[in-house]
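Fold and geometry: a report
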Amino acid sequence: TFDNGDEYTAELTFFMVADHPYFVKPKCIVREGRRPGIVMELVTGSGNSINYAQESGVDGTDLARISAQLLEALEYIHWLGFVHADMKPENVLVDE
C-alpha cells in the first residue's frame, strides 16, 4: 500500500506501459482503508539480492549475471522515461 498518492500514480503509470521479463507483474488494485495498493505476482526463489548473495554456492558468475540483468532492467526503465527512486538490494528480487 502507499501513503503517498503520487507514488501510487507513478507505479500504476509505469506498469501500464512496462512490458519486460525482469519486472514483476501487477495482478490487481486494492484499498486498505483509504490507502491504495497494488497486489503483485508472487516471486518464488531466494527473495532479495542480499539473501541470494549470502547463500552458499553463489559465485561471481551468478552475481555478474544478475548485475547484467539489473543493468538491462534499469536501461529499460530509463528508456521508458522513468527513474527508479528507491534502488537498493532489498528491492531486487531473485527468482528460481
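Please refer to the structure placed before this passage.
Notes on the structure in this doc start here. (Residues numbered from 1 in each chain as written. Predicted model: local features only at pLDDT ≥ 70, side-chain atom pairs only at ≥ 80, totals over all residues. Heavy atoms only, no water.)

1. Some points on the overall build of the protein chain
Scanning the protein chain from N- to C-terminus turns up three helices and four strands. Along the three orthogonal principal directions, the C-alpha set of the protein chain runs to about 45 × 30 × 20 Å. With 96 residues in all, the protein chain has 22% of them scored as buried. Long-range contacts, defined here as pairs at least 24 residues apart, represent 58% of the contacts in the protein chain between residues at least 6 apart. (Helix = DSSP H or I, 4+ residues; strand = E, 2+ residues; numbered from the N terminus. Buried < 20%, exposed > 50% of the residue type's maximum accessible area, 1.4 Å probe, protein only. Contact = heavy atoms within 4.5 Å.)

2. Remarks on the side chain of H20
Its place among the elements puts H20 in the loop between α1 (5-17) and β1 (26-32). Using a relative accessible area of 9% as the deciding quantity, one classes H20 as buried. Among the polar contacts made by the side chain of H20, one reaches the side chain of E72 at a distance of 3.4 Å. Discounting residues that sit within four places of it in the chain, H20 has contacts with K25, E72 and Y76. (Polar contact = N/O pair within 3.5 Å; in protein donor to acceptor, adjacent residues only side chain to side chain.)

3. Here we look at α1
Along its 13 residues, α1 runs 19 Å from first to last C-alpha, staying within 8% of the 18 Å computed at 1.5 Å per residue. Inspection of α1 places Y8, F14 and F15 among the buried residues, and these make up the whole buried set. All buried residues of α1 fall inside an arc of 130° around its axis, so they share one side. In α1, the exposed residues that point more than 90 degrees away from the buried face are D6 and M16. Packing partners of the buried residues in α1 comprise β1, β2 (35-40) and α3 (60-80). Capping of α1 at its N-terminal end is provided by N4; its side-chain oxygen lies 2.6 Å from the backbone amide nitrogen of D6. (Expected span 1.5 Å × (residues − 1). Arc of directions from axis to C-beta.)

4. Quick look at α3
Quick reminder: α-helices carry 3.6 residues per turn. Residues three or four places apart thus point the same way. Helix length check: α3 (21 residues) gives 30 Å between terminal C-alpha atoms against 30 Å at 1.5 Å per residue, within 8%. Listed in full, the buried residues belonging to α3 are I66, A73, Y76 and I77. In an axial view of α3, the angular spread of the buried residues amounts to 100°, which keeps them on one side of the axis. Facing away from the buried side of α3 by more than 90 degrees, the exposed set consists of G60, T61, E75 and W79. Regarding α3, its N-cap is D59, as a side-chain oxygen of that residue lies 3.1 Å from the backbone nitrogen of T61 further along. Just downstream of α3, G81 is the residue with a positive phi angle, here 95°.

5. Observations regarding the packing of aromatic side chains
Under the counting rule described, the total for this entry stands at six aromatic pairs. Arranged with centres 6.1 Å apart and planes meeting at 40°, the rings of F23 and Y76 form a pair that is tilted. With F23 in the loop between α1 and β1 and Y76 in helix α3, this residue pair connects regions lying 53 residues apart in the sequence. For the pair F23 and Y76, one class covers both residues: buried. Following the ring pairs from residue to residue traces out a cluster consisting of F14, F15, F23, Y76, W79 and F82. (Phe/Tyr/Trp six-rings, centres within 6.5 Å; stacked < 30°, edge-to-face > 60°.)

Everything listed here is a matter of coordinates, which is why it stays silent on function.
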